Amino acid sequence: MNICVYCASSDLVPEPYKAAARAVGAGIAQRGWGLVYGGGSVGLMGAVARQVHAEGGSVIGIIPQALLDREVGYIDADELVVTLTMRERKRIMDERSDAFVTLPGGFGTLEELLEITTLRQLAYHDKPIFLVNVDGFYDPLLAMFDQIFAQSFAHERHRRLVTVVRSVDEVFAALDAYTPPLPPDAATASDLA
Ligand code: AMP
């Protein structure tokens with residue numbers, strides 16, 4: 001599986017968030033999965049990617065040319081996909097990933113989480129989305145989600161779109177029990193066999 005991780009580009013964030021980022025990187029690599037992410041070398045993004053490599057895993061970074069030009073790209077990535085636009089970058093991140101894990105982050109992270117959630121709500125995909133609420137960082141956002149459900153801006157059944165957990169261990173417990181669906185062409189091949 002490839003796991004997409006959304007997280008902060010800031011290096012100045014509290015240490016527990018960095019520890020969570022390293023734990024996500026370690027968990028991905030130890031399972032032989034790949035990391036898909038924004039391709040940055042900074043902040044929690046860099047921490048996840050470096051930990052994947054430290055544990056012998058593989059890193060796929062998807063980064064727009066403009067960010068690479070600012071020398072914030074993780075040039076040690078096993079695969080660095082350079083895109084023209086942010087939109088193209090997010091499309092490739094979506095396509096290459098089997099599940100999405102959101103760690104604490106700023107506006108970029110929030111935007112990524114909300115977009116992938118909206119796409120699932122509208123049935124553009126049905127891949128699992130996790131929100132890791134490390135030390136309650138996301139409590140205000142979850143209160144906003146409650147408000148959205150309480151006032152019928154989204155149907156209660158859409159609570160299932162995002163799985164909220166308190167720890168990285170809970171993400172991996174859920175992912176260990178998850179089998180991604182076969183791609184359509186693979187299903188056809190096995191039906192014919
Ligand atoms: P933020 O939460 O605002 O720090 O934004 C982080 C998210 O936006 C990441 O998940 C990335 O996909 C993207 N992003 C923001 N800054 C960068 C950067 N310097 N290099 C690569 N991606 C970035």
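Above this text sits the structure in question.
Residues numbered from 1 in each chain as written. Predicted model: local features only at pLDDT ≥ 70, side-chain atom pairs only at ≥ 80, totals over all residues. Heavy atoms only, no water.

Enquirer: I'd like to hear about the sheet that holds strand β5 (residues 99-102), residue by residue, with values.
Expert: Taking strand neighbours across the sheet as the criterion, the seven strands line up as β4-β3-β2-β1-β5-β6-β7 in an open arrangement whose pairing is parallel. The open sheet is flanked by β4 (79-83) and β7 (163-165), the only strands paired with a single partner. The average angle at which neighbouring strand axes cross in this sheet is 20°, direction not considered. Relative to strand β3 (residues 58-64), strand β2 (residues 34-37) is paired through four bridges, and the arrangement is parallel. By the bridge assignment for β3, Val36 is matched with Ile60. Contacting β1 (2-6), β2 and β3, helix α2 (residues 43-54) crosses the sheet at an angle of about 160° to β2. (Pairing = 2+ DSSP bridges. Helix = DSSP H or I, 4+ residues; strand = E, 2+ residues; numbered from the N terminus. Axes fitted to C-alpha atoms, helices over the stretch in contact; angles between N-to-C directions. Contact = heavy atoms within 4.5 Å.)

Enquirer: For the site of the ligand, give the residues involved together with the corresponding values.
Expert: Contacts to the ligand come from 17 residues, most closely from Ser9, Arg89, Gly106, Thr109 and Glu112. In this structure, Ser9 approaches the ligand through a side-chain N or O atom, which is 2.7 Å from an oxygen atom. Within the side chain of Thr109, a nitrogen or oxygen atom sits 2.6 Å from an oxygen atom of the ligand. Computed on the free molecule, the ligand has an accessible area of 490 Å², of which 86% lies beneath the protein chains in the complex. Examining the composition of the shell around the ligand, we find that four residues originate from one element, helix α5 (residues 107-121), more than from any other. Partitioned by chemical class, the residues of the shell around the ligand number eight nonpolar, seven polar and two charged. (Near = heavy atom within 4 Å. Polar contact = N/O pair within 3.5 Å; in protein donor to acceptor, adjacent residues only side chain to side chain. Areas by Shrake-Rupley, 256 points an atom, 1.4 Å probe, with all protein chains shown as cover. Nonpolar A, V, L, I, M, F, W, Y, C, P; charged D, E, K, R; others polar.)

That is the geometry; function is a separate question.
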